[in-house]
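# Per-entry structural report
Each chain, letter by letter, is given below.
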Amino acid sequence: MRSIFTLLFVLCLLPSGFAQTTSIVPAPESVKLINGKSLKLKQIKYFCQPDQEYLIRNFISELHNFGFNLPEPKKSNVNKANLIFRKTDHITGNEEYSLIITQKEITLEALTDAGLFYGLQSLVQLAVDGTGRSGLHLPRGTIQDKPRFGWRGLMLDESRHFFGKEKVKQLLDWMAYYKLNRFHWHLTDTPGWRLEILKYPKLTTIGGKGNFLDANAPAAFYTQKDIKEIIQYATERFIEVVPEIDMPGHAAAANRAYPEYSGGGSEKYPDFTFNPGKEETYRFLTDILKEVAQLFPSKYIHLGGDEVHFGNQQWNTNPEVMTLMQKLQLTNLQDVEFYFIRRMADSVNKLHKTMIGWDEIVTAGIPANKCIPMWWRQDKPEQLNLALERGYHTILCPRIPLYFDFVQSNTHHSGRYWGKEYAPLEKILGFQQLYNAPLTKYPNLIDGIQTNIWTETIDTNERLDFMTFPRIAALAEVAWGKNPAPDYSEFIRRLQPSFRLYREKRITYFDPEHPDLTPEVVGRTK
Ligand code: TNX
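Heads up: these notes are all about the structure in this document. Every value quoted in this text rests on a predicted model; they were computed, and no experiment measured them. What you see as residue numbers is a count from 1 along each chain, following the sequence as written. Since the coordinates come from a predicted model, pLDDT governs what is reported: local features require at least 70, and pairs of side-chain atoms require 80 or more to be given and counted, while whole-chain, interface and lining totals use all residues. Here the side-chain values reflect all heavy atoms present in the structure, with hydrogen atoms and water set aside.

### Regarding helix α2 (residues 53-65)
The test is simple: By the criteria applied, helices consist of DSSP H or I runs no shorter than four residues and strands consist of E runs no shorter than two, each listed in order from the N terminus. Here a helix's expected span is defined as the number of its residues, less one, multiplied by 1.5 Å. For every residue, the accessible area obtained with a 1.4 Å probe (protein chains only) is divided by the maximum for its type, and the residue is called buried under 20%, exposed over 50%, and partly exposed between those limits. Any two residues having at least one pair of non-hydrogen atoms within 4.5 Å are treated as being in contact.
Taking 1.5 Å of rise per residue, the 13 residues of α2 would be expected to cover 18 Å, and the 18 Å separating its terminal C-alpha atoms lies within 8% of that figure. Along α2, the residues that are buried comprise Glu53, Leu55, Ile56, Phe59, Ile60, Glu62 and Leu63. Those residues of α2 hidden inside the fold are in contact with β3 (45-47), β4 (74-75), β5 (83-87), α3 (113-129), β8 (136-145) and α4 (165-177). After α2 finishes, the residue Gly67 shows a positive phi value of roughly 90°.

Okay, structure coming up:
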């Protein structure tokens, strides 16, 4: 029945001709618009199941947030409604939706609430691009849409600098606007431990002090209550929050609080590691992970595992590590590192979660179904190949072009370069070309892509904005969209409504078309 209606509808469209494009970012899979009169709504009259009314409420509050003037939405019967939700199993993808806008009403169909949510996000974007803010002006037509990748992530490092709840919520709002769905939260590292652990309060009272630029900054961290609030906020936006507790390296903040578990460091990175030779270390860390597992509903816990060689030299002379090596016949420090990681992966498993780690873990000997590596070292393609050959589901977050602490224009001086390489918008849009070989050879193992926003050089909200916007939109374009080569100037055209919103919301974004109008927001250095 439905397909006959769809067919009739499509036939009706034909004579009037199509305008194919909207400004939606990321670009939907298929858009067919009809020229001519748009749909104008002064008030939303909705028809949906009671357990989906929250979606309408959130939709309206998002529109209010963007300055739309709309009265309270009204529940109606299906004949009088102008916004109709239908859950249907004709649609099979978890995040897929179909949107039909006629002269009278909007019909939104999806299999899941997530799909309905993404359909509403597209509506918000259409409204933002329409005329005025009193009521909604929407073009007529149909949109069929589903994401390319299931994992569309953004990582924020709040150890180097702490931004706090309000900024995180704002980032989550924008993630939702662009249909990103994983917030990876880097909560522990050398400058500060940012997550309250009830069993070990010194982690935050002592470990929470300081940041990358100022070791004496007052303690800044999230209480467990704050964390629950953020998770709730993210969940309403269909974003999963994945915590990272970095180990055995990047552990100096924890070691300041509980030196008894420190495995030492190097001259440049003092107290960088936990002590892998001590049973008590595993108990300590497992206790921490128990609280983390209870607090975060995500089925993943990220254990880091990166750059251990920066500061594990003291393991060589540590009697406990030497005893461990003898007992287990481990021949070098990397064996010790991997032993540590396997044990902690087991701990995560016993908590009924799956471990994620940086790409160093690929050779640690963890079974393929028990962890997910994130490939970040673009200069080590062999590490990605190993991961895929060994059957690991993998997430791609190569520094070039997905590290937003790298500059986005070669006129910029604050932030990282890799030799002469950096991370401009065009490179992000060209992600498929850059990594075509693994993407085409292992489409079923690459679960998605993500940006990592490391914050050694990002010390203010303004600079965080400057490094994030509009690159976040380009990330979404390649994470959700199926076009293997989005056209740069067409993308810039589609970004115009975003730029308008950024200005209204006082986001200090970088305008790649007018670099002279947006002077570099620089970070302080040590
Ligand atoms: C490498 S990416 C790191 C981080 C730094 C980042 C700066 C990774 C797993 N480790 O600790 O913040 O480079 O770009």
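Back to the text.
### Some remarks on helix α18 (residues 488-504)
Stated formally: Given a residue, its bend is the angle between the two axes fitted to the seven residues that end at it and to the seven that start from it.
Helix length check: α18, at 17 residues, gives a terminal C-alpha distance of 24 Å against a target of 24 Å (1.5 Å per residue), a fit within 8%. Gln496 marks the point of greatest bend in α18, at about 40°, and the proline Pro497 comes within the next four residues. Residues of α18 that are buried make contact with α3, α4, α13 (425-429) and α17 (471-480). Of the residues trailing α18, Arg506 is marked for its positive phi of about 55°.

### A word on the site of the ligand
Put simply, the test is: The rule for a residue being near a molecule or strand is that one of its heavy atoms must lie within 4 Å of it. Identification of polar contacts relies on pairs of N or O atoms within 3.5 Å, with a donor-acceptor requirement for protein atoms, meaning one able to donate a hydrogen and the other able to accept it, and with residues adjacent in sequence counted only if both atoms are side-chain atoms. Using the Shrake-Rupley algorithm and a 1.4 Å probe, accessible areas are obtained, with residue cover drawn only from the displayed protein chains. Residues are grouped as follows: nonpolar covers Ala, Val, Leu, Ile, Met, Phe, Trp, Tyr, Cys and Pro; charged covers Asp, Glu, Lys and Arg; every other residue, Gly included, is treated as polar.
All residues adjacent to the ligand are Arg160, His250, Asp306, Glu307, Trp358, Trp376, Tyr403, Asp405, Arg416, Trp454 and Glu456. Interatomic distance of 2.8 Å between a side-chain N/O atom of Arg160 and an oxygen atom of the ligand. In this structure, a nitrogen atom belonging to the ligand sits 3.5 Å away from a side-chain N or O atom of Glu307. In isolation the ligand exposes 360 Å². Once the protein is present, 95% of that is buried. Considered class by class, the residues forming the shell around the ligand number four nonpolar, one polar and six charged.

### Some remarks on the side chain of Ser414
Mapped onto the elements of the fold, Ser414 is located in the loop between α12 (399-402) and α13. A polar contact is formed between the side chain of Ser414 and the backbone nitrogen of Gly523, at a distance of 2.9 Å.

### Section: the state of the cysteines
Put simply, the test is: When two cysteine sulfur atoms lie within 2.5 Å, the pair is treated as a disulfide.
Summed over all chains, the structure comprises zero disulfides. For the unlinked cysteine Cys371, the closest cysteine sulfur is that of Cys397, found at 14 Å. A relative accessible area of 0% places Cys397 in the buried class.

### What about the pattern of salt bridges?
Spelled out, the test is: For this analysis, a salt bridge means a side-chain nitrogen from Lys or Arg found within 4 Å of a carboxyl oxygen belonging to Asp or Glu.
Per the stated rule, a full pass over the model turns up 27 salt bridges. One salt bridge in this structure joins Glu95 and Arg152, with 2.8 Å as the shortest N-O distance. On the criterion of sequence distance, the pair formed by Glu95 in the loop between β5 and β6 (97-101) and Arg152 in strand β9 (residues 151-157) is long-range, its members being 57 residues apart. No difference in accessibility class separates Glu95 from Arg152, as the two residues are buried. Between Arg160 and Asp157 there is a salt bridge whose closest N-O contact spans 2.9 Å. On the accessibility criterion, Asp157 (0% relative accessible area) is buried.

### Digging into the packing of aromatic side chains
To describe a pair of aromatic rings, you give the distance between the ring centres and the angle between the ring planes. Inclusion rule: Only the six-membered ring of Trp is used, alongside the rings of Phe and Tyr, when aromatic pairs are assigned; centres must lie within 6.5 Å, and planes under 30 degrees apart are stacked while those over 60 apart are edge-to-face, with the rest tilted. Either the NZ atom of lysine or the CZ atom of arginine qualifies as a charge over a ring when it sits within 6 Å of the ring centre and within 35 degrees of the ring normal.
Tallied over the full model, the rule gives 36 aromatic pairs. Plain terms: the ring middles of Phe66 and Tyr177 are 5.5 Å apart, the flat faces sit at 75° to each other, and that makes the pair edge-to-face. Within this pair, whereas Phe66 is found in the loop between α2 and β4, its partner Tyr177 is found in helix α4, the two being separated by 111 residues in sequence. A relative accessible area of 6% means that Phe66 is categorised as buried. An angle of 80° between the planes, with centres 5.4 Å apart, marks the rings of Tyr200 and Tyr258 as edge-to-face. Of this pair, Tyr200 sits in the loop between β10 (182-186) and α5 (202-205) while Tyr258 sits in the loop between α7 (252-257) and β12 (262-264), and the two are 58 residues apart along the sequence. With a relative accessible area of 10%, Tyr200 lands in the buried category. One aromatic cluster is present, formed by Phe66, Trp174, Tyr177, Tyr178, Phe469, Phe499, Tyr502 and Tyr509 through successive ring pairs. Geometry around Tyr233 places Arg237 over its ring, the cationic atom sitting 3.6 Å from the centre.

### Description of unusual backbone geometry
Leaving glycine aside, a negative phi is the common case for residues, and trans is the common case for peptide bonds. Looking along the chain, the bond that leaves Met247 and enters Pro248 is cis, with omega of -5°. Summarising the element assignment, Pro248 is placed in the loop between β11 (240-247) and α7. A cis amide bond, omega 10°, links Ile400 with the succeeding residue Pro401. Among the secondary structure elements, Pro401 is positioned in helix α12. Backbone geometry places Phe238, a non-glycine residue, at a positive phi of 60°.

### Regarding the sheet that holds strand β15 (residues 354-358)
Formally: Paired strands, as defined in this entry, are two strands with at least two bridges between them according to DSSP. An axis is simply a line fitted to the C-alpha atoms; with a helix, the fit covers only the stretch in contact. Between two such axes, the angle follows the N-to-C directions and lies from 0 to 180 degrees.
Spatial ordering of the closed barrel is given by β9-β10-β11-β14-β15-β16-β17-β18, a layout of eight strands whose pairing is parallel. Pairwise comparison of adjacent strand axes, ignoring direction, gives a mean angle of 30° for this sheet. Sheet analysis places β9 next to β10, joined by five bridges and oriented parallel. Its bridge partner being in β10, Leu154 is matched across the sheet by Phe183.

### A few points about the environment of Gly93
Mapped onto the fold, Gly93 is located in the loop between β5 and β6. Gly93 gets classed as buried once you look at its relative accessible area, which sits at 18%. Separated by 18 residues in the primary sequence, Gly93 and Leu111 have C-alpha atoms spaced 6.9 Å apart.

### Focus on the environment of Ser98
Structurally, the position occupied by Ser98 is in strand β6. Judged by relative accessible area, which is 1%, Ser98 ranks as buried. In sequence terms Ser98 and Leu111 are 13 residues apart; their C-alpha atoms lie 9.8 Å from each other.

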